[in-house]
Amino acid sequence: MKIYNTLLSSRKPQNITPLDSQTVRIYSCGPTVYDHAHIGNLSAYIFADTLRRAIALAGFDVLHVMNYTDVDDKTIRRSHEEYPKLPAAEALKRLGDKYIAIFADDMRAVGNDVAAVEFIRATDAKTIWGMKDLITRLHAGGFAYIADDGVYFSIEAYRKSGKTYGQLLEVTTGNTSEARIQNDEYDKESAHDFALWKKQKDGEPAWDFELDGHGMAGRPGWHIECSVMSRQSLGQPFDIHTGGVDLIFPHHENEIAQSTALEKNPVMATIFAHNEHILIDGKKMSKSLHNFYTLEDLVQKGYDPLAFRLKMLQSHYRSQTNFTWEGLDAAGNLLQNLRAWADQKHQKAAHKAVASAPYASLLKEMLAASQDDLNMPRALKALADLAGKGEADGVDPDKIQPLLNVVDRLFGLRLAARPDITHAQKDLLAAREAARQQKDWAKSDELRAQLQSQGLNVRDTTSGPVWYRLAA
RNA sequence: GGCGCCUUGGCGGAGUGGUUACGCAGAGGUCUGCAAAACCUUUUACACCGGUUCAAUUCCGGUAGGCGCCUCCA
């Protein structure tokens, strides 16, 4: 199983070989829970979910952890807006609870297996303790310094210790943007230094912290959260760190620096895997550009969240995908066709003995593609071949279910457990067929209209009528 | 300004130094009482200009256009 590694030392698809030779340990940067996730956010988690699925199907055990960033500027600001009467800490907690619940619903809706992931909140007591502990040790080790508004990490100290700041991206003074230097409003010593801890400002929630005799009540910086949560839950180094390409720098670079400053081994994770962004009208989808959609927007327009998942799987995770309604329509139609294929398992008229060899080889290709840097478009081609063949030839009642089970484990499209139609609907179907046999076309068409009103269409085959469900 | 990436048929999107993926959509036809997501056929794609090669969409160089990161960000 190969996956592309963003680390400069690799920058190519790399074999996944778990450090403990058995369990692949994955850490995925999760959402900041201050608002609904947009579909670009969700695409990152569809990527992480699919990666875990492919690794598991490749035969490894997997330990998958994802964090919730539930304390930062945005969450604090929003918590004041939504809960102005509550104390700051309580408001923040409530806001986190609310958007975590919404996020979890969105995750399930797009087919991500939430039960397979361990979620951790940045404000969990254990995480907070761990961050204070790490900051204290970084300070003692000379990698952190205290400024008026908080504690900062010193890139210079890190470099002087012989380690590389710039494992994911060449970092030089030459590629520091003018904006970053000019808009620098913090008390840090040099441009790339970043906050480990921020002192409390008026109205902000705060955790007690004393560092080297200084009262530092405040809150953690963003990067330190992931360093601590990943180590607490997975150990260090671990196998794969995922996130969107926007997190490559500075977030992941900073995580590496914090996580390895005090270690002999400068490796935080063996592989860093990043997904590309969704584009809208050729531009990155982002909250600041106001060109984003939430899952709710799609649902309100009548789209199935799984059609969005399928749309994402139709393009490679490392290529930018332009999001269009037309494209979502296409994915929705494909999803409907796949469901029609899967639903044939309930119908004798669509059953037919099929040789195992073609099923087996397509299954093999499907898995091979997923293990080749998560080439889901290629895997989907194999699935389409299989499903297309099924529609043409009928499905084998003995082989279809085990096959659907594997298809679901890889794609997460929920094709395996689709229910049969009701007895009443079966009776309608039989009555229509009887009318047809008697060439009572009027009655036959009337019964077909009835079925259609219940979302069922019928096609007449040489072995009898086969139903399929209309959209939704 | 620095670094990196991309450019494939109506749309989306794989892939390959020589044999027209795949999905969706359109057209024609088959089948059908009519239908049907069924079947067949079809719409002769690889930004542009050079180079390497027997042969380039595929390799190299350049041009144009686009995108991303360098600042919160999936």
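Model, not experiment: these values are computed from the prediction. (Residues numbered from 1 in each chain as written. Chains lettered and ligands numbered in written order. Predicted model: local features only at pLDDT ≥ 70, side-chain atom pairs only at ≥ 80, totals over all residues. Heavy atoms only, no water.)

Asker: Got a minute to help me understand the state of the cysteines in this structure?
Answerer: Between two cysteines, a covalent bond joining their sulfur atoms is known as a disulfide. By the definition in use, this model includes 0 disulfides. For Cys29, which is in no disulfide, the shortest distance to another cysteine sulfur is to Cys226 and amounts to 3.8 Å. Look at Cys29 and you get buried, because its relative accessible area is 7%. (Disulfide = S-S within 2.5 Å. Buried < 20%, exposed > 50% of the residue type's maximum accessible area, 1.4 Å probe, protein only.)

Asker: Mind showing me how you'd approach the sheet that holds strand E16 (residues 321-323) here?
Answerer: Hydrogen bonding along the main chain pairs the strands of a sheet, whether they run parallel or antiparallel. Within the open sheet, the 3 strands sit side by side as E15-E14-E16. Their pairing is mixed. On the outer flanks of this sheet lie strand E15 (283-284) and E16, each paired with one strand and no other. Relative to E16, strand E14 (residues 278-280) runs parallel, the two sharing 3 bridges. When the bridges of E16 are listed, Ile278 appears paired with Thr321. (Pairing = 2+ DSSP bridges. Helix = DSSP H or I, 4+ residues; strand = E, 2+ residues; numbered from the N terminus.)

Asker: I tried to follow the confidence of the model for chain A on my own but got confused; where do I start?
Answerer: Averaged over every residue, the pLDDT of chain A is 92; the share at 70 or more is 96%. Quick note on the complex model: pTM equals 0.96, ipTM equals 0.93. (pLDDT = per-residue confidence, 0-100.)

Asker: Explain the environment of Leu262 here, please?
Answerer: The topology assignment puts Leu262 in the loop between helix H8 (248-260) and strand E13 (269-275). Remark: the alpha-carbon pair of Leu262 and Leu42, spanning 220 residues in sequence, is separated by 34 Å. Dropping the residues within four chain positions of it, Leu262 is found in contact with Leu134, Arg137, Leu138, Gly141 and Phe143. (Contact = heavy atoms within 4.5 Å.)

Asker: Mind showing me how you'd approach the sheet that holds E13 here?
Answerer: With respect to topology, 5 strands assemble into an open sheet ordered E5-E4-E3-E12-E13, the strand pairing being parallel. Whereas interior strands pair on both sides, the edge strands pair on one side only; in this sheet they are strand E5 (117-121) and E13. Strand-to-strand, the axes of this sheet are offset by a mean angle of 25 degrees, without reference to chain direction. When strand E4 (residues 61-68) meets E5, the two strands line up parallel, connected through 5 bridges. Note that in E5 the partner of Met66 across the bridge is Phe119. Packing against the sheet, helix H1 (residues 39-57) makes contact with strand E3 (23-28), E4, E5, strand E12 (238-244) and E13, and its axis sits at approximately 165 degrees to E4. (Axes fitted to C-alpha atoms, helices over the stretch in contact; angles between N-to-C directions.)

Asker: Would you explain the pattern of salt bridges in this entry?
Answerer: Two side chains carrying opposite charge are able to pair once their charged atoms lie near each other. Summed over the entire model, instances satisfying the criterion amount to 32 salt bridges. A salt bridge links Lys426 to Asp420; the nearest nitrogen and oxygen atoms lie 2.7 Å apart. Residue classification places Lys426 among the partly exposed positions, given a relative accessible area of 33%. Residue Glu433 pairs with Arg436 through a salt bridge whose shortest N-O separation is 3.2 Å. (Salt bridge = Lys/Arg side-chain N within 4 Å of Asp/Glu carboxyl O.)

Asker: Teacher, can you tell me more about the packing of aromatic side chains here?
Answerer: We describe a pair of aromatic rings using the distance from one ring centre to the other and the angle between the two ring planes. As enumerated under the stated definition, the model contains 16 aromatic pairs in all. Between Phe47 and Tyr317 the ring centres are 4.5 Å apart and the planes differ by 20 degrees, which places this aromatic pair in the stacked class. Pair noted here: Phe47 is in helix H1 and Tyr317 is in the loop between helix H10 (305-313) and E16, with a separation of 270 residues, a long-range link. Between Tyr145 and Tyr152, the aromatic rings sit 6.0 Å apart at their centres with planes inclined by 25 degrees, giving stacked as the arrangement. Residue Tyr145 is classed as buried on the basis of its relative accessible area of 11%. Pairwise contacts between aromatic rings join Tyr293, Tyr303, Phe308, Phe323 and Trp325 into one cluster. (Phe/Tyr/Trp six-rings, centres within 6.5 Å; stacked < 30°, edge-to-face > 60°.)

Asker: Just checking my understanding: could you explain the nonpolar core for this structure?
Answerer: The nonpolar side chains of a soluble globular protein tend to be buried with one another. Formed by 79 residues in total, the largest nonpolar core has its most connected members in Ile240, Phe308, Trp341, Leu374 and Phe411. Counting residues per element, this core draws most heavily on H1, which supplies 10 residues. Excluding its chain neighbours within four sequence positions, the residues that come into contact with Phe411 are Arg309, Leu313, Met366, Met376, Ala379, Leu380 and Leu383. Grouped together as the second largest cluster of nonpolar side chains are 44 residues, Cys29, Ala144, Val228 and Met229 included. (Core = buried A, V, L, I, M, F, W, Y, C linked by side-chain atoms within 4.5 Å.)

Asker: Looking at this structure, how should I read the packing of helix H12 (residues 356-371) against helix H14 (residues 400-411)?
Answerer: Between two packed helices, the angle of one axis relative to the other and the distance separating the axes together describe the packing. Their axes nearest at 11 Å, the elements H12 and H14 cross at an angle of 10 degrees. Between H12 and H14, the angle is such that the two are roughly parallel. In contact with Tyr359, Leu363, Met366, Leu367 and Ser370 of H12, H14 contributes Leu403, Val406, Val407, Leu410 and Phe411. Looking at the contact of H12 with H14 residue by residue, the class counts come to 9 nonpolar, 1 polar and no charged. (Parallel < 35°, antiparallel > 145°, perpendicular 65-115°, else oblique. Nonpolar A, V, L, I, M, F, W, Y, C, P; charged D, E, K, R; others polar.)

Asker: Even after reading the chapter, I still don't get the pairing of E12, so can you show me in this structure?
Answerer: Regular strands place their side chains on alternate faces of the sheet. When you tally the buried positions in E12, you get 7 out of 7 residues, the bulk of the element. Relative to E12, E3 runs parallel, the two being bridged by 3 bridges. If you follow Tyr27 over to E12, its bridge partner there is His241. The pairing of E12 with E13 spans 6 bridges and is parallel. Looking at the pairing, Gly243 lines up with His274 of E13. Note that the unit made of E12, H8 and E13 has a crossover that is right-handed. (Right-handed = clockwise from strand over helix to strand, strands pointing away.)

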